[in-house]
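Report on the structure
The lines below spell out each chain.
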Amino acid sequence: MRTFFSAVLITLVVLLVPTSAVAYWADRELGDADRYTAAMSPLAENPSVQGVVVTQVAHALSGQIDAGPFQGGVDALLGEALRSFSGTPAYRTAWDAANRAAHAAFLDALTTGQGDALTIDLAPVIAQVKGELVADEVPFADLIPVTRLSVKVMEYDDLGALRKGFRMLQNAGVWLPVLTVLLAAAAIAVAVRRRRAVVATGLGLAAGAVLLWIAVYVCRRLTLDDLPADIDPRAAEAVYDALTAFLRTTAWLILAVGLAAALAAWLAGRLRRTP
């Protein structure tokens, strides 16, 4: 009976490992503005994301400045300035500000149920570009309008279900990982042969880590394979990978810990048998 209960607890641990990781990620990573911004910050240097930002801003501002016969030259100059600006520290600062605002809008959508996509408002980028061009005394730069420009990087079909799921994960974000650890300890404590239970629990943790990795991969395929035509697939891919980097790192960490624990327990048993 003790062996049976230990096996049941280890099975629960296997299932709870990916669930606990996702719950913690939703609560502490997606739910925190600083961590969300830090996760998205490296995308400022991603060529695909930069290309989307430059294209969208240039398209939005094209024709907004009345330069008469010089209109074509002004638009070309603006496009070149945007491409140059996308590689500066000022752009990265503006990008972080835009993502912090996007995080607030994302949480608001999950709270109110309004909206159907994850968007990034590029107004901070436009304002920074205008300031740089005005400081460099570029002609007509002071006429650039700082308007709200939202770029869609991810779209979700059923916001109601997403909101409920996100809230459930946030509520379980702290206690579910603790419960997983307690169940793993209980599986070892109730076992008749504890060394074997440690091996089995370690392998269970590794199996849970594999399930987590598979879940992240499958969700990635489902998300990217069903993108609307107006969303750049390479930019969406970069955004998804940035947002789920914590889950992939966690999967590798749990896999290493589980295999190390199982190997250590197995070696301990082998050494005991050695005369």
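For the structure, check the block above.
Residues numbered from 1 in each chain as written. Predicted model: local features only at pLDDT ≥ 70, side-chain atom pairs only at ≥ 80, totals over all residues. Heavy atoms only, no water.

Space inside the second largest pocket adds up to approximately 230 Å³. Around the second largest pocket, the lining residues are V17, S20, A21, Y24, P177, T180, V181, A184, L205, T250 and I254. When residues of the lining of the second largest pocket are traced back to their parent elements, those giving at least two are α1 (2-30), α8 (175-190) and α11 (245-273). Each residue belonging to the lining of the second largest pocket can be placed in one class, and the counts come to eight nonpolar, three polar and no charged. (1 Å grid on protein atoms, 1.4 Å probe; cavity = no way out; pocket = protein on both sides within 12 Å on 5 of 7 lines; lining within 4 Å. Points joined across faces, edges and corners; volume = space filled by probe spheres on them. Helix = DSSP H or I, 4+ residues; strand = E, 2+ residues; numbered from the N terminus. Nonpolar A, V, L, I, M, F, W, Y, C, P; charged D, E, K, R; others polar.)

For the rest of this paragraph, the subject is the nonpolar core. Within the largest apolar cluster, 41 residues are counted, with the highest numbers of intra-cluster contacts made by L43, V53, W95 and V125. Beyond its immediate sequence surroundings of up to four residues, L43 is in contact with V49, W95, A238, V239 and A242. Core analysis: the next-biggest nonpolar cluster, separate from the first, contains 16 residues, L16, A23, L176 and L205 among them. (Core = buried A, V, L, I, M, F, W, Y, C linked by side-chain atoms within 4.5 Å. Buried < 20%, exposed > 50% of the residue type's maximum accessible area, 1.4 Å probe, protein only. Contact = heavy atoms within 4.5 Å.)

Here the focus is α8. The end-to-end C-alpha distance of α8 is 22 Å, a good match for the 22 Å that 16 residues give at a rise of 1.5 Å each. The set of residues buried in α8 consists of L176, T180, L183, A184 and A187. One side of α8 carries all its buried residues, which in axial view fall inside an arc of 100°. Facing away from the buried side of α8 by over 90 degrees, the exposed positions are V181 and L182. Packed against the buried residues of α8 are α1 and α9 (194-225). (Expected span 1.5 Å × (residues − 1). Arc of directions from axis to C-beta.)

Let us look at the packing of α9 against helix α10 (residues 233-243). The interhelical angle for the contact between α9 and α10, taken along N-to-C directions, is 155°, at an axis separation of 11 Å. Put simply, α9 runs roughly antiparallel to α10. Relative to α10, α9 is oriented so that their crossing is right-handed. Contact residues: V216, C219, R220, T223 and L224 in α9; P233, A236, E237, Y240 and D241 in α10. (Axes fitted to C-alpha atoms, helices over the stretch in contact; angles between N-to-C directions. Parallel < 35°, antiparallel > 145°, perpendicular 65-115°, else oblique. Left-handed = near helix turned anticlockwise from the far one by under 90°.)

All right, on to a nonpolar patch on the surface then. A grouping of L15, V210, L211, W213, I214, Y217, V218, L222 and W252 is seen on the molecular surface, where their side chains present a nonpolar patch of about 890 Å² in accessible area. We classify W252 as exposed; its relative accessible area is 56%. (Patch = residues over 30% accessible without salt bridge, like charges linked within 9 Å, V, L, I, M, F, W, Y side chains within 5 Å. Areas by Shrake-Rupley, 256 points an atom, 1.4 Å probe, with all protein chains shown as cover. Salt bridge = Lys/Arg side-chain N within 4 Å of Asp/Glu carboxyl O.)

Bringing the packing of α1 against α9 into the picture now. In a packed pair of helices, the relevant descriptors are the angle between the two axes and the axis-to-axis distance. The interhelical angle for the contact between α1 and α9, taken along N-to-C directions, is 30°, at an axis separation of 8 Å. Viewed along their axes, α1 and α9 form a crossing whose handedness is right-handed. On α9, the residues touching S6, I10, V13, V14, V17, P18, A21 and V22 of α1 are A197, A200, T201, G204, L205, A207, G208, A209, L211 and L212. Its residues assigned to classes, the contact of α1 with α9 shows 14 nonpolar, four polar and no charged.

Okay, helix α2 (residues 33-40) next. Looking at α2, one finds that the buried residues are Y36, T37 and M40. Taken down its axis, α2 places every buried residue within 95° of arc, on the same side. At the N-terminal end of α2, a side-chain oxygen is found 3.1 Å from the backbone nitrogen of D34, two or three residues along, and the residue is D32. (Polar contact = N/O pair within 3.5 Å; in protein donor to acceptor, adjacent residues only side chain to side chain.)

With the rule as written, the count across this model stands at seven salt bridges. For R35, the salt bridge goes to E29, with nearest N and O atoms at 3.7 Å. A relative accessible area of 35% means that R35 is categorised as partly exposed. Salt-bridge contacts for D34 lead to R100; the nearest nitrogen and oxygen are separated by 2.9 Å. Remark: R100 occurs in helix α5 (residues 89-112) and D34 occurs in helix α2; sequence separation between them is 66 residues. On the accessibility criterion, R100 (37% relative accessible area) is partly exposed. One continuous salt-bridge network, built from bridges that share partners, spans R220, E237 and D241.

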